[in-house]
Every structure is written in structure tokens, then in C-alpha cells.
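# Structural overview for review
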Amino acid sequence: MNRLEGDPVRSALDAVAPQLRRLRRRSALSLEEAARSAGLSPAHLSRLENGRRWPSLAMLICLARTYGTTVAQLLGELPVDRHAVVRATDLAPIAADGGTYWPAGAPGRGTRALRIHVDPRRRAGGPYSHPGEEWLYVLDGSLGLRLGAVRYTLAPGDSAHFDSSTPHRLAAAGHGGADLLYLHTLSRPGLAPGRACGPAHQAPNGAAPHE
């Protein structure tokens, strides 16, 4: 993904790097320990902490769990009232891993709500597997969804609901990208800490890439 000078999205994500470093040190974890817990290599985590790479949404989820915080706090969002109304004029986009994300709910909750634009130029990655469940609804464009070894093409009005532990990847299936509403529960009972984060091992029969 290209970094544009003066881009407010770049500024927001650049602020994540020192926050990741502060949280790791506060947790008294070495680079190797934190990387192992989040399913990353120490070199990759070092690049994230130094601002040389931007984290994907899946990485932010895993790092937030490792440090005992939330994705919203990693991104520097302030806590809000329990019954929150999110105004469109207050939303700041976050660009990561070939997509643009707008918060569509309050931070610090067990469910993460986002509006996402998937850029048709996003590079392949994953597949990803992590704790939780995901639900998405296509607003516009054509979305490619791979779950395990199965590939789907979703049109506006189509939706999907799946277990995040299934290796998965989202990608635009058309030239104009895809816009969708997305919900993700941040944890599921019975999953051990430090597991199911980061890129999943390639599953049999060509399980394909997500986020």
C-alpha cells in the first residue's frame, strides 16, 4: 500500500507504532515473547513498532489480545458512553492491508463494527485465522470471500457469517472494489491465549487467503 504525504490515514497509523512499543514494555514482554503470542515473527513486530510496516486488522486484534487491551485503544480512540451514537462526520478512516476501515460502533466492546472498502489492488496475503466470529454484508461492488477450501463471490445484499478460526481472506472481485459492513466478535470461549493469530497454515485443497 502506498503511503501518501499529508494523508491523515497515514498519520493515524503512524501513531500506532509507538503505542505498540509502549504497550509491550508495559506488559514486560520481550520482542520475541510478544511476537510469539501474537503469531508474528520478531522481525515483523519490530517493523510494526518502528513504523516501517502497517498492521492489518487481524494483526491489531491479536496484538490487542496479547497486551490485554482493545483495538480501539491501540488506535488511540477515546472511551465513549455505554450507549453511543457514532456520527458520520466524526469518523476517521484507517487504511491497512489494502483496505480502508471506518469505525461503525463504540470502542471497548466485545464486538467490533466497521464499514470497509476493499481496494481492488490489494496484494495477496494470509490466509488468516484468529479467535471470534465474523459477519459481513456487501453494500456495493463484488466481494471475493474464501473460507477454507471454498471460494464465494458476493454481490450487494449478500452476507456471510463464519467462525474466524476457519482460514479466510477477503478480496475485491471486481475493478471497483467492494464496500461492506463488518462485525467481528473479539473472542470465543475455549480458545487458548496466543493461538489462532497471524497467518494460518495453508489448509488442504488450497484453502485461501483474508484481511
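Residues numbered from 1 in each chain as written. Predicted model: local features only at pLDDT ≥ 70, side-chain atom pairs only at ≥ 80, totals over all residues. Heavy atoms only, no water.

A few words now on the environment of Ser 46. Its place among the elements puts Ser 46 in helix H4 (residues 42-49). Through-space distance from the C-alpha of Ser 46 to that of Leu 20 is 9.7 Å; in sequence the pair is 26 residues apart. If sequence neighbours within four positions are ignored, Ser 46 has contacts with Leu 31 and Arg 52. (Helix = DSSP H or I, 4+ residues; strand = E, 2+ residues; numbered from the N terminus. Contact = heavy atoms within 4.5 Å.)

Remark on secondary structure: sheet strands pair via backbone hydrogen bonds, oriented parallel or antiparallel. Spatially, the three strands line up as an open sheet ordered S6-S5-S8, and their pairing is antiparallel. Each of the sheet's edge strands pairs with one partner strand only, and the pair in question is strand S6 (150-154) and strand S8 (168-172). With direction set aside, neighbouring strand axes in the sheet form an average angle of 20°. When strand S5 (residues 143-147) meets S8, the two strands line up antiparallel, connected through five bridges. (Pairing = 2+ DSSP bridges. Axes fitted to C-alpha atoms, helices over the stretch in contact; angles between N-to-C directions.)

Turning to unusual backbone geometry, a few remarks are in order. A positive phi angle, near 55°, is found at Ala 28, a position not held by glycine. Counting through the fold element by element, Ala 28 comes out in the loop between helix H2 (16-26) and helix H3 (31-38).

Here we have six strands laid out as an open sheet, ordered S1-S2-S3-S9-S4-S7, and antiparallel in their pairing. Of all strands in the sheet, those bounded by a partner on one side alone are strand S1 (94-96) and strand S7 (159-163). On average, each strand axis in the sheet is inclined to that of its neighbour by 25°, with strand direction left out of account. As defined by bridge partners, strand S4 (residues 133-141) adjoins strand S9 (residues 178-185) across seven bridges and the pair is classed as antiparallel. Bridged to Trp 135 within S9 is Leu 183.

So, on to the nonpolar core. Soluble globular proteins: nonpolar side chains tend toward being buried together. Judged by nonpolar contacts, the single largest core of 40 residues is most densely connected at Leu 45, Leu 63, Leu 136, Leu 143 and Leu 180. Considering each element in turn, this core owes the most residues, eight residues, to helix H5 (residues 57-66). Apart from residues no more than four positions distant in its own chain, Leu 63 is found in contact with Leu 20, Ala 38, Leu 40, Leu 45, Leu 48 and Leu 74. (Core = buried A, V, L, I, M, F, W, Y, C linked by side-chain atoms within 4.5 Å. Buried < 20%, exposed > 50% of the residue type's maximum accessible area, 1.4 Å probe, protein only.)

What follows covers H2. Buried within H2 we find Val 16, Ala 17, Gln 19, Leu 20, Leu 23 and Arg 24. Projected down its long axis, H2 shows its buried positions confined to an angular sector of 165°, all on one face. Turned more than 90 degrees away from the buried face of H2, the exposed residues are Arg 22, Arg 25 and Arg 26. (Arc of directions from axis to C-beta.)

Turning to the pattern of salt bridges, a few remarks are in order. Two side chains bearing opposite charge may form a pair once their charged atoms approach each other closely. Scanning the entire structure with this criterion turns up two salt bridges. Between Arg 24 and Glu 49 there is a salt bridge, with its nearest N and O atoms 2.6 Å apart. With Arg 24 in helix H2 and Glu 49 in helix H4, this residue pair connects regions lying 25 residues apart in the sequence. When its relative accessible area of 4% is taken as the criterion, Glu 49 is described as buried. Residue Asp 119 pairs with Arg 121 through a salt bridge whose shortest N-O separation is 3.0 Å. Residue classification places Asp 119 among the buried positions, given a relative accessible area of 18%. (Salt bridge = Lys/Arg side-chain N within 4 Å of Asp/Glu carboxyl O.)

A few words now on the packing of aromatic side chains. A full pass over the atoms with the stated rule returns one aromatic pair. An angle of 20° between the planes, with centres 6.3 Å apart, marks the rings of Trp 135 and Tyr 137 as stacked. Taking the ring centre of Trp 102 as reference, the NZ or CZ of Arg 115 above it sits at 4.2 Å. (Phe/Tyr/Trp six-rings, centres within 6.5 Å; stacked < 30°, edge-to-face > 60°. Lys NZ or Arg CZ within 6 Å of the ring centre and 35° of its normal.)

It is worth stressing that arrangement in space is one thing and function is another; only the former is reported here.
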